[in-house]
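# Structural characterization, general
Now for the letters of each chain:
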Amino acid sequence: MSNLVTKEWLFEQLGSDDLVIADVRFAPGDSSHGLNAYTENHIPGAVFINFKEDLVDPPREHGGRSPLPDPERLADKFGKLGIDQTTRIVVYDDSVRPEATRLWWILNYLGHEQVYILDGGYTAWEDAGLPITSEVTTTPSRTFEVNLRNDWLADVDEVRASIGRDDVTLVDSRDLKQYLGVEAPFDPVAGRIPGATLAFWKDGASDDGTWKSSDEHRERFRNLDPANKVIVYCGSGLSACPNVLSLREAGFEQVKLYAGSWSDWISYSENPIVTGDEEKE
């Protein structure tokens, strides 16, 4: 089953007692964008999740630039928004962005099995003339029970152990210049993890701001072995999440997120780094 739902499907489901819609719009460099956008207008019934406050912890020595919050803290937040294991959750951001997939991934990692992303996000909904509101949604609290799915998360030790193995594929979700180590706009060290293959996360989106089809995702990853375990990373663990979604839409079943990603990898001085064209080295 797809992890995506259409705007038409969601419109038909509005008002369902077991449905929670989560607005996680965000703009880098503008911490107030999400809440301002939600306050102005949102999909009826949607609750707001503050991406930076709720889905990211402050950086520490290790763990990357965008560490995962404590699972119990997340569970408390989701419970207060009316989410438990019986609810269906539809997540949206502006279009095809990392934020919705970050929330989708977190909920799956915490053990929720009915999490979907609105294809095209709020932009597609609004452009279609579907109903919007400025009314703030209130929901009765529920108890969100954590059941961690460790087959969704990789740590630095697992990534180290994967280097050179034929049954594990590392996927780097950053752009070509960061992958080659030509530049590191957000980190003090440039390069990539040895053996990683490049799959820029934005290539999972179509020109119209929706997600590519399952067949198109399979074509994107045609050179990867679907029998392998796949570990996906980016700079801080955010823009890797769209690739996790794309791989699962393509039918890959063993897909993990290296949540600390490159910014965690370089926090260990002993970790190997590759730059340039690895095939020429």
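Before reading further, recall that the structure is shown in the block above.
Report on the accompanying structure. Computed from a prediction, not measured in an experiment: that's the story for all the values here.

Turning next to the overall build of the protein. Regarding its fold elements, the protein presents eleven helices and ten strands. The C-alpha atoms of the protein give a radius of gyration of 19 Å, which matches the 19 Å a tight globule of 281 residues would have. Burial status across the protein gives 52% buried among its 281 residues. Intrachain contacts of the protein at a sequence separation of at least 6 include 77% that bridge at least 24 residues. Here the protein has roughly 12800 Å² of accessible surface; of this, 47% comes from carbon and sulfur atoms.

Time to look at the sheet that holds strand E5 (residues 115-118). Read across the sheet, five strands follow the order E1-E5-E4-E2-E3 without closing on themselves; strand pairing throughout is parallel. Looking at which strands have only one partner, the edges of the open sheet turn out to be strand E1 (4-5) and strand E3 (46-48). One ladder, built from three bridges, connects strand E4 (residues 88-92) with E5; its direction is parallel. Each residue of the ladder has a partner; that of Val90, found in E5, is Tyr116. Sheet contacts for helix H2 (residues 33-40): strand E2 (19-23) and E3; angle to E3, the most-contacted strand, approximately 150°.

In this section: the pattern of salt bridges. Inspection of every chain in the model, using the stated rule, returns 18 salt bridges. Note that Asp187 and Arg65 form a salt bridge whose closest N and O atoms lie 2.8 Å from each other. Placement of Asp187 in the loop between helix H8 (176-180) and strand E8 (197-198) and of Arg65 in the loop between helix H3 (51-54) and helix H4 (71-80) is noted, with a sequence separation of 122 residues between them. What you see here is one network of salt bridges that share partners, running through Asp57, Arg60 and Arg73.

So, about the side chain of Gln13. Position of Gln13 among the secondary structure elements: in helix H1 (residues 7-13). Taking relative accessible area as the criterion, Gln13 reaches 17% and is therefore assigned buried. Setting aside anything within four residues of it in sequence, one finds Gln13 in contact with Leu19 and Arg88.

The next point concerns the sheet that holds strand E10 (residues 255-258). An order of E6-E10-E9-E7-E8 is seen for the five strands of this open sheet, with the pairing classed as parallel. The sheet is open, and its two borders are formed by strand E6 (153-154) and E8, each paired with just one other strand. Where strand E9 (residues 229-233) meets E10, three bridges bridge the pair, whose relative direction is parallel. Bridge pairing in E10 places Val232 opposite Leu257. Of the strands in this sheet, strand E7 (168-172), E9 and E10 are in contact with helix H10 (residues 241-249), which crosses E10 at around 175°.

Each value, and the rule that gives it
- Residues numbered from 1 in each chain as written.
- Predicted model: local features only at pLDDT ≥ 70, side-chain atom pairs only at ≥ 80, totals over all residues.
- Heavy atoms only, no water.
- Helix = DSSP H or I, 4+ residues; strand = E, 2+ residues; numbered from the N terminus.
- Rg over C-alpha atoms; globule rule 2.2 N^0.38 Å.
- Buried < 20%, exposed > 50% of the residue type's maximum accessible area, 1.4 Å probe, protein only.
- Contact = heavy atoms within 4.5 Å.
- Areas by Shrake-Rupley, 256 points an atom, 1.4 Å probe, with all protein chains shown as cover.
- Pairing = 2+ DSSP bridges.
- Axes fitted to C-alpha atoms, helices over the stretch in contact; angles between N-to-C directions.
- Salt bridge = Lys/Arg side-chain N within 4 Å of Asp/Glu carboxyl O.

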